[in-house]
Amino acid sequence: MATLSREEAQALIQEVLEVYPDKAKKDRAKHLAVNDPSIDQSKKCITSNRKSQPGVMTIRGCAYAGSRGVVWGPVKDMIHISHGPVGCGQYSRGGRRNYYVGLTGVNSFGTMNFTSDFQERDIVFGGDKKLDKLISEIETLFPLSKGISVQSECPIGLIGDDIEAVSKKKGKELNKPVVPVRCEGFRGVSQSLGHHIANDAIRDWVLHRRDTDNSFEQTPYDVCITGDYNIGGDIWPSRLLLEEIGLRVVAQMPGDGTVSEMELIPKVKLNLVHCYRSVNYLARHLEEKYGIPWMEYNFFGPTKIAESLRKIAARFDETIQANAERVIEQYRAQYEAVIAKYRPRLEGRKVMLYVGGLRPRHVIGAYEDLGMEVVGTGYEFAHNDDYDRTIKEMGDATLLYDDITGYELEEFVKRVRPDLIGSGIKEKYIFQKMGIPFRQMHSWDYSGPYHGYDGFSIFARDMDMTVNNPCWSMMQAPWLKSAADDSSAMAASA
Amino acid sequence: MPSVMIRRNDDGGLLFYVAKKDMEETIAAVEHDSAEQWGGEVELTDGSRWYIDPISPPPAFPTTLRFKRVEG
Ligand code: SF4
């Protein structure tokens, strides 16, 4: 693989843009950039959070996906109704691997799928009655559910149903939170607005429920984890680390989370934000209304973990700070062994990422711990503030791409020829067929957890088994091989 | 007249966050920033200028306030 100079990277972008008609070219040019870590405001070099171009292949989701799939979905003791026709819920089910503990169908509902299954008559005559009936049915069948959320699909906004009124009425009747979420898919340009709408719904319908109830015993070390989705169990090693340094994790949200934990969030002393993009709205509200400060942290890879643990501990007293040092020391042998084992096998390998949320910047440190270099990164649905944070993490003259199209990503990869690509399932097979090792980094390719020191061992192993998999040397069909290839292959396998 | 949340960053500087637009900028200068009052014309690091009638006594941050955009 060749490292591109700044000029070459610029030229590559120009070349890739060449195929577009003028208008599309002008628009897409704003979303592709060569990184310059000395810039502090990303809007000087890259545009984000804009409508995708018609006709190109984008991998964004809709607002409903952002709310139902991302923010609300993992809250395990609630039932989330995909309100509208059956497809939105059915086709999006079970993709995110938000692990949880509990008895599915009894007190937890994470992997279950509920829909109001709209028919023509519901569109014509309105679906409020159906929703009312559906909620009563849920209560009969699953009495241990702790709440219900109504996740609007596109038609709900179009036909003007009053889901707020139904939710209020049913909430009173059942004495549980019934939360209407106006996350119709057509709102906004990507799933990002869905995160925002979902945050606002939590603010308006959940957070204040225990404002007047002081029965919960507080300690000075109470914190909450927000914006960790427990993909493959991520939140568990994160929580462990925080508890080891002497903090009490009162609530985790949304991964493996519950309504009662969410109701306790206003009682914590510090709000720890993992995915800034999807929960910053909530953090801002908590700070304004309840005076709870928030900070971002990063639990990928030992360098960032140590940095984050120290930063978190600095918000507390000396005992916690001493604990943090002790914990970092305690895990040293473990992570050094991981690095000693895998770094020689991965050193110098180049990685390109294209994911969403926090990963395009948060995993960079973990790759660097293994001696790998991220040469291109981009987000599906980021805003400027995400790129502000990314620019500093990336090396000079690396590629930044926002809402990249299928075509652009393929062209970039063909030229850069990275040793590993981390992106979604839709990209996976294209790049594997091109002979490039690939990890599906939305749900850790059915692996994980990747957070914390324990997660780092798994991360390192996964990257090694992908990059150094023997299959990559067998990409050519045997009958197409020349005699020379044959003998070298024989030598290699001997 | 957008609603703007003003809050402090880690270095004690003030941030200007417009929720509707999901835009966050650092405040470069505030016309009145004293023990008696806070407000007037506010300039952001991106060069844009906003106005709010001075508030007295100064509000505790974070707080949400309504600003007017200063043209020109
Ligand atoms: S855009 Fe609308 S119809 Fe499509 S998945 Fe999203 S909510 Fe459903």
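Residues numbered from 1 in each chain as written. Chains lettered and ligands numbered in written order. Predicted model: local features only at pLDDT ≥ 70, side-chain atom pairs only at ≥ 80, totals over all residues. Heavy atoms only, no water.

Asker: Got a minute to help me understand the overall build of chain B in this structure?
Answerer: Scanning chain B for helices and strands turns up zero helices and seven strands. When the elements of chain B are put in sequence order from the N terminus, they spell out β-β-β-β-β-β-β. For 72 residues, the compact-globule formula gives about 11 Å, and the C-alpha radius of gyration of chain B, at 11 Å, lands near that figure. In terms of overall dimensions, chain B has a C-alpha envelope of 30 × 30 × 20 Å along the principal axes. (Helix = DSSP H or I, 4+ residues; strand = E, 2+ residues; numbered from the N terminus. Rg over C-alpha atoms; globule rule 2.2 N^0.38 Å.)

Asker: What's the story with the overall build of chain A in this structure? I'm lost.
Answerer: Along chain A, the regular secondary structure elements total 21 helices and 14 strands. Over its C-alpha atoms chain A spans a radius of gyration of 24 Å, differing by no more than 12% from the 23 Å that the globule rule assigns to 494 residues. Its C-alpha atoms give chain A principal-axis dimensions of roughly 75 × 60 × 50 Å. Residues counted as buried form 56% of the 494 residues belonging to chain A. (Buried < 20%, exposed > 50% of the residue type's maximum accessible area, 1.4 Å probe, protein only.)

Asker: What exactly am I supposed to notice about the interface of chain B and chain A here?
Answerer: How big an interface is tends to be expressed through the accessible area that disappears when the partners come together. The interface of chain B with chain A comprises 13 residues on the first partner and 15 residues on the second. Between chain B and chain A, the buried area comes to about 1,100 Å², and carbon and sulfur atoms account for 38% of it. By the criterion of area lost to chain A, the three top residues of chain B are R7(B), D22(B) and P62(B), representing 42% of everything that side buries. The shortest N-O distance in the salt bridge between R7(B) and E287(A) comes to 3.5 Å. Put simply, chain B and chain A have six residue pairs in polar contact (both at pLDDT 80 or more) between them. Among the secondary structure elements, those contributing two or more residues to the side of chain B that touches chain A are β1 (3-8), β3 (23-33) and β6 (63-66) of chain B. Residues that form the side of chain B that touches chain A fall into these classes: four nonpolar, three polar and six charged. (Contact = heavy atoms within 4.5 Å. Buried area = accessible area lost by both parts, 1.4 Å probe. Salt bridge = Lys/Arg side-chain N within 4 Å of Asp/Glu carboxyl O. Polar contact = N/O pair within 3.5 Å; in protein donor to acceptor, adjacent residues only side chain to side chain. Nonpolar A, V, L, I, M, F, W, Y, C, P; charged D, E, K, R; others polar.)

Asker: How should I be thinking about the sheet that holds strand β1 (residues 32-34) of chain A in this particular structure?
Answerer: Whenever strands of a sheet pair, they do so through backbone hydrogen bonds, lying parallel or antiparallel. All names here are of chain A. With mixed pairing, six strands are arranged side by side in an open sheet as β1-β12-β11-β10-β13-β14. Each having just a single partner strand, β1 and β14 (438-440) make up the two edges of the open sheet. Going from strand to strand, the sheet's axes swing by 15° on average, the running direction of each strand aside. On top of the sheet, helix α17 (residues 384-391) reaches β11 (373-379) and β12 (399-402); it is set at about 175° to β11, its chief contact. (Pairing = 2+ DSSP bridges. Axes fitted to C-alpha atoms, helices over the stretch in contact; angles between N-to-C directions.)

Asker: Before we go on, may I ask you to explain the pattern of salt bridges in this structure?
Answerer: Between side chains of opposite charge, pairing is possible as soon as their charged atoms come close. Overall, the coordinates contain 45 salt bridges over all chains when judged by the stated rule. Residue E173(A) is joined to K170(A) by a salt bridge in which the shortest nitrogen-to-oxygen separation is 3.0 Å. Linking E173(A) with K170(A), this pair stays in helix α8 (residues 163-174), spanning three residues, or about one helical turn. The class of K170(A) is buried, set by a relative accessible area of 1%. Residue E263(A) is joined to R209(A) by a salt bridge in which the shortest nitrogen-to-oxygen separation is 2.9 Å. Of this pair, E263(A) sits in helix α11 (residues 259-264) while R209(A) sits in the loop between α9 (191-205) and β6 (222-228), and the two are 54 residues apart along the sequence. Among the charged side chains, a network of salt bridges with common partners joins R277(A), R361(A), D385(A), D386(A) and D22(B).

Asker: Quick question: what am I supposed to make of the site of the ligand here?
Answerer: Inspection of the region around the ligand gives C62(A), Y64(A), C88(A), E153(A), C154(A) and G185(A) as its neighbouring residues. Broken down by class, the residue content of the shell around the ligand amounts to four nonpolar, one polar and one charged. (Near = heavy atom within 4 Å.)

Asker: It is not clear to me how the nonpolar core should be interpreted in this structure. Could you clarify?
Answerer: One recurring pattern in soluble globular proteins: nonpolar side chains tend to sit buried together. Residues and elements named next belong to chain A. Residues W72, I202, I312, Y367, M441, Y453 and F459 are the most contacted members of the largest nonpolar core, which totals 95 residues. No other element matches helix α14 (residues 318-346), which puts 10 residues into this core. Every residue in contact with F459, bar those within four places of it in the chain, is listed here: A366, Y367, L370, M441 and Y450. With 26 residues, the next largest nonpolar core counts L17, Y354, A397 and I404 among its residues. (Core = buried A, V, L, I, M, F, W, Y, C linked by side-chain atoms within 4.5 Å.)

Asker: Would you mind showing me how to read the packing of α9(A) against helix α12 (residues 276-290) of chain A here?
Answerer: Relative placement of two packed helices is described by the angle separating their axes and the distance separating the axes. Residue and element names in this part refer to chain A. Between α9 and α12, whose axes approach to 8 Å, the crossing angle comes to 30°. On the basis of the axis angle, α9 is roughly parallel to α12. Note on packing geometry: the crossing formed by α9 with α12 is right-handed. Judged by residue contacts, S192, H195, H196, N199, I202 and R203 of α9 engage R277, S278, V279, N280, Y281, L282 and H285 from α12. Residues belonging to the contact of α9 with α12 are distributed by class as follows: four nonpolar, seven polar and two charged. (Parallel < 35°, antiparallel > 145°, perpendicular 65-115°, else oblique. Left-handed = near helix turned anticlockwise from the far one by under 90°.)

Asker: How do you make sense of the environment of R66(B) when you look at a structure like this?
Answerer: Residues and elements named next belong to chain B. The residue R66 is located in strand β6 in this model. Taking relative accessible area as the criterion, R66 reaches 49% and is therefore assigned partly exposed. Distance in space between the C-alpha atoms of R66 and E41 is 13 Å, their sequence separation being 25 residues. Side chain to side chain, R66 and S3 meet in a polar contact 3.2 Å long.

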